[in-house]
Amino acid sequence: RGACSDRHSQWRADGVVALNWIDRGVPQQFQLDANELHPEPPPALPETWGSNPPSLLGAMDEAMRIAPNDATRFALNCVQLRPGDGRIAVTDSRQLLVQSGFTFPWTGDVLVQRSPVFRCQELVSEQPVAVGVTANHCAFRTGPWTLWLLLEKQGRFPTFEGVIPAADTAKTRLRLTDEAVTFLLNVVPRLPKEDPTNPRVTLDLNGSVSLLARGTEPAPVTQLILSNSQRQGDEVRLDTDRQFLVHAVQLGFREIELRGPESPAVCRDEQRIYLWTPIAEQPVIVVGTDTVRLASPLATSTSQR
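Let me sum up the structure you'll find in this document. Throughout this description, residue numbers start from 1 for each chain and increase along the sequence as written. Local features are withheld for residues below a pLDDT of 70 in this predicted model, meaning they are given only at 70 or higher, and side-chain atom pairs are given and counted only at 80 or more; totals for whole chains, interfaces and linings count all residues. As a rule here, side-chain values cover all heavy atoms of the structure and leave hydrogens and water aside.

## Description of the sheet that holds strand E11 (residues 145-150)
- Only strands that DSSP links by at least two bridges are regarded as paired with each other. Numbering of helices and strands starts at the N terminus; helices are DSSP runs of H or I of at least 4 residues and strands are runs of E of at least 2. Taking strand neighbours across the sheet as the criterion, the 4 strands line up as E4-E9-E10-E11 in an open arrangement whose pairing is antiparallel. Two strands close off the open sheet at either side, each with one partner strand: strand E4 (50-52) and E11. When the angles between neighbouring strand axes are averaged without regard to direction, this sheet yields 25 degrees.
- Where strand E10 (residues 137-142) and E11 come together, 6 bridges link them in antiparallel fashion. When the sheet's bridge partners are listed, Thr142 is paired in E11 with Trp145. The convention used is that axes are lines fitted to C-alpha atoms, helices contributing only their stretch in contact, and that angles between N-to-C directions extend from 0 to 180 degrees.

## A short note on the pairing of strand E15 (residues 221-225)
- Burial classes: relative accessible area under 20% of the type maximum marks a residue as buried, over 50% as exposed, and values in between as partly exposed (1.4 Å probe, protein chains only). Of all the 5 residues making up E15, 4 are buried; the element is thus mostly covered by neighbouring parts of the structure.
- As paired strands, strand E14 (residues 208-214) and E15 are joined by 5 bridges and run antiparallel to one another. Its bridge partner being in E15, Arg214 is matched across the sheet by Val221.
- In the sheet, E15 pairs with strand E21 (residues 292-295) via 4 bridges, with the strands oriented parallel.

## Quick look at the sheet that holds strand E13 (residues 200-206)
- Pairing is mixed across the open sheet formed by 5 strands, whose spatial order is E17-E13-E14-E15-E21. Across the chains shown, the open sheet's two edge strands, defined by having one partner strand only, are strand E17 (236-241) and E21. Sheet twist, expressed as the average angle between the axes of neighbouring strands with direction ignored, equals 25 degrees.
- By definition, residues are in contact when any of their heavy atoms lie within 4.5 Å. Each of E13, E14 and E17 touches helix H3 (residues 242-250); the most contacted strand, E17, lies at about 95 degrees to it.

Below is the structure:
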């Protein structure tokens, strides 16, 4: 992935494949005895393919990163593909990502099992992506690559449409500047934590736009002031898992809809909706007399997406 170079492979007469490469200056070697392999033939190809833009691979990667490893009552370790509006949906019960506008040439919803394959840098290209289904697989084809994902036929995906609020019901809107986002992505992962298993921050939209974090006592509260970012509507404070806030801006969103401290935070654009649930079990973090304040660089205008 950019760190490796000078890769060479050799197929020996005894059927052993020897691979040699340099990883950041250190020689590496791997050998594989092809005689011990008993590869199965590839699955059947779909009879019908739907053509999609290269962005489908990135959309599948984003969805697979949210799907958890395990499922309980619902098939949360799967990604739902729905024809009609070409929708990709995934949830881990705390966050939900819906992406639409793709072409899926089949009838009825399809569940594909979680896979990290879409992270492979070798798949990144500007070529279109064809997709289709067979009796047991969903197939993706781009350039020289064909991927088969096993279908989940027994699991049931949760009905989530009812948790997505209408855009016009937002009581508060937060608009972030690009400078604030860069600052947030740099600083938030290093903020103190009260509990390693609960990396919460308080989003404080009372006057200035800021994030509040607290370490274990007697550590002071740390306040990140997001300069030039704007609140429209009601003042509000809510606790949130910092990872979800970071994920929202990493997805490219610059506006967050809020409806109170116990309602989901929502980001949306023409083809995507991302929402997550706040943390309501603990009192919000508030500014104290010894608060440590950090401010993002000033900007001349806000940016939206």
